[in-house]
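Structure at a glance
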Amino acid sequence: MAQKKSTEKTDDGFKIGDKLKTLREKKKLTIHDLAAKSGVVKTVLADIEENKIIPPVATLLTIASALDVGMADFFSDDLTDETISLTRAGERTKIKRRPHHILEGEVSYIYESLETKKPKKHMEPLFVEFLPAETSDMVFTSHRGEEFVFLVEGSLEFRTDDRVEVLKPGDSLYFESHINHSFRGLKNKSAKAIVVVWSRL
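Attention in this report is confined to the structure presented alongside it. Worth saying up front: this structure is predicted, and the values here are computed from it rather than measured. (Residues numbered from 1 in each chain as written. Predicted model: local features only at pLDDT ≥ 70, side-chain atom pairs only at ≥ 80, totals over all residues. Heavy atoms only, no water.)

1. Regarding the packing of aromatic side chains
Taken as a whole and assessed by the stated rule, the structure comprises 6 aromatic pairs. On the numbers, 5.2 Å between centres and 45 degrees between planes, the contact of F158 with F183 is tilted. Within this pair, whereas F158 is found in strand β6 (residues 156–159), its partner F183 is found in strand β9 (residues 182–185), the two being separated by 25 residues in sequence. On the basis of relative accessible area, F183 is assigned to the buried category, the value being 14%. (Phe/Tyr/Trp six-rings, centres within 6.5 Å; stacked < 30°, edge-to-face > 60°. Helix = DSSP H or I, 4+ residues; strand = E, 2+ residues; numbered from the N terminus. Buried < 20%, exposed > 50% of the residue type's maximum accessible area, 1.4 Å probe, protein only.)

2. Considerations on the pairing of strand β10 (residues 191–198)
What you see with β10 is a clean split: A191, A193, V195 and V197 sit on the buried side and K192, I194, V196 and W198 on the side with no burial. Where strand β4 (residues 123–130) lies against β10, 8 bridges are found, and the strand directions are antiparallel. Counted as the bridge partner of P125 is V196 from β10. Two strands pair when backbone bridges link them, and strand β5 (residues 146–153) and β10 are joined in this way by 7 bridges, in the antiparallel orientation. (Pairing = 2+ DSSP bridges.)

3. Quick notes on the packing of helix α1 (residues 16–26) against helix α4 (residues 57–67)
Relative orientation of the contacting elements α1 and α4 amounts to 20 degrees, with a least axis distance of 11 Å. In terms of orientation, α1 and α4 fall into the roughly parallel class. The crossing of α1 and α4 is left-handed. Where α1 abuts α4, its residues I16, L20, L23 and R24 lie against L60, I63 and L67. (Axes fitted to C-alpha atoms, helices over the stretch in contact; angles between N-to-C directions. Parallel < 35°, antiparallel > 145°, perpendicular 65-115°, else oblique. Left-handed = near helix turned anticlockwise from the far one by under 90°. Contact = heavy atoms within 4.5 Å.)

4. Observations concerning the environment of A72
Position of A72 among the secondary structure elements: in the loop between α4 and β2 (93–95). Residues A72 and E115 lie 43 residues apart in sequence; the distance between their C-alpha atoms is 7.1 Å.

5. So, unusual backbone geometry
Non-glycine residue N51 carries a positive phi angle of around 60 degrees. On the secondary structure map, N51 appears in the loop between α3 (42–49) and α4. Positive phi is not limited to glycine here, since N188 has a value of about 60 degrees. Checked against the element boundaries, N188 lands in the loop between β9 and β10. The exposure class of N188 is exposed, given its relative accessible area of 72%.

Listed below in structure tokens is the structure:
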């Protein structure tokens, strides 16, 4: 019997770097201009545009804010500002780091945008797979906004500078994103969660 072809899109089929370059040039900004507006260093922006690295969510939100666009602009050409937006399962894009994308200081997770059509929305719903890691390898990040996490599968550790919490399936977490924070899957397994980020664009 013929194997059913997957309809899932990955970053290989939809390059964030290509979209970033198009959006930047549409705004008539140089990489130097965008670095100054976003606070993201020029070398990182250049590597993203050349599809050498895939930015974590916080970095992508920061760049989107500097360009005055939403995350959806990086995932779809079919944007609509209607009051109701429906994203079918096959329309989502999985952003998965390939081994040569992993650089020192990058956060290790795989994410999918659950809404790919509405520009400049106030919330960014994501499906995130947090990879297992040693405590010493956890990368902390902070950014504007607030986050909500609902754990679907696995065990997830959440760390701040002074607090550690372990989430089990069905547990949820809400926190202000300006605090240093990090996640990792436990028991050598990935943890999967629905994450909603309010980015204060």
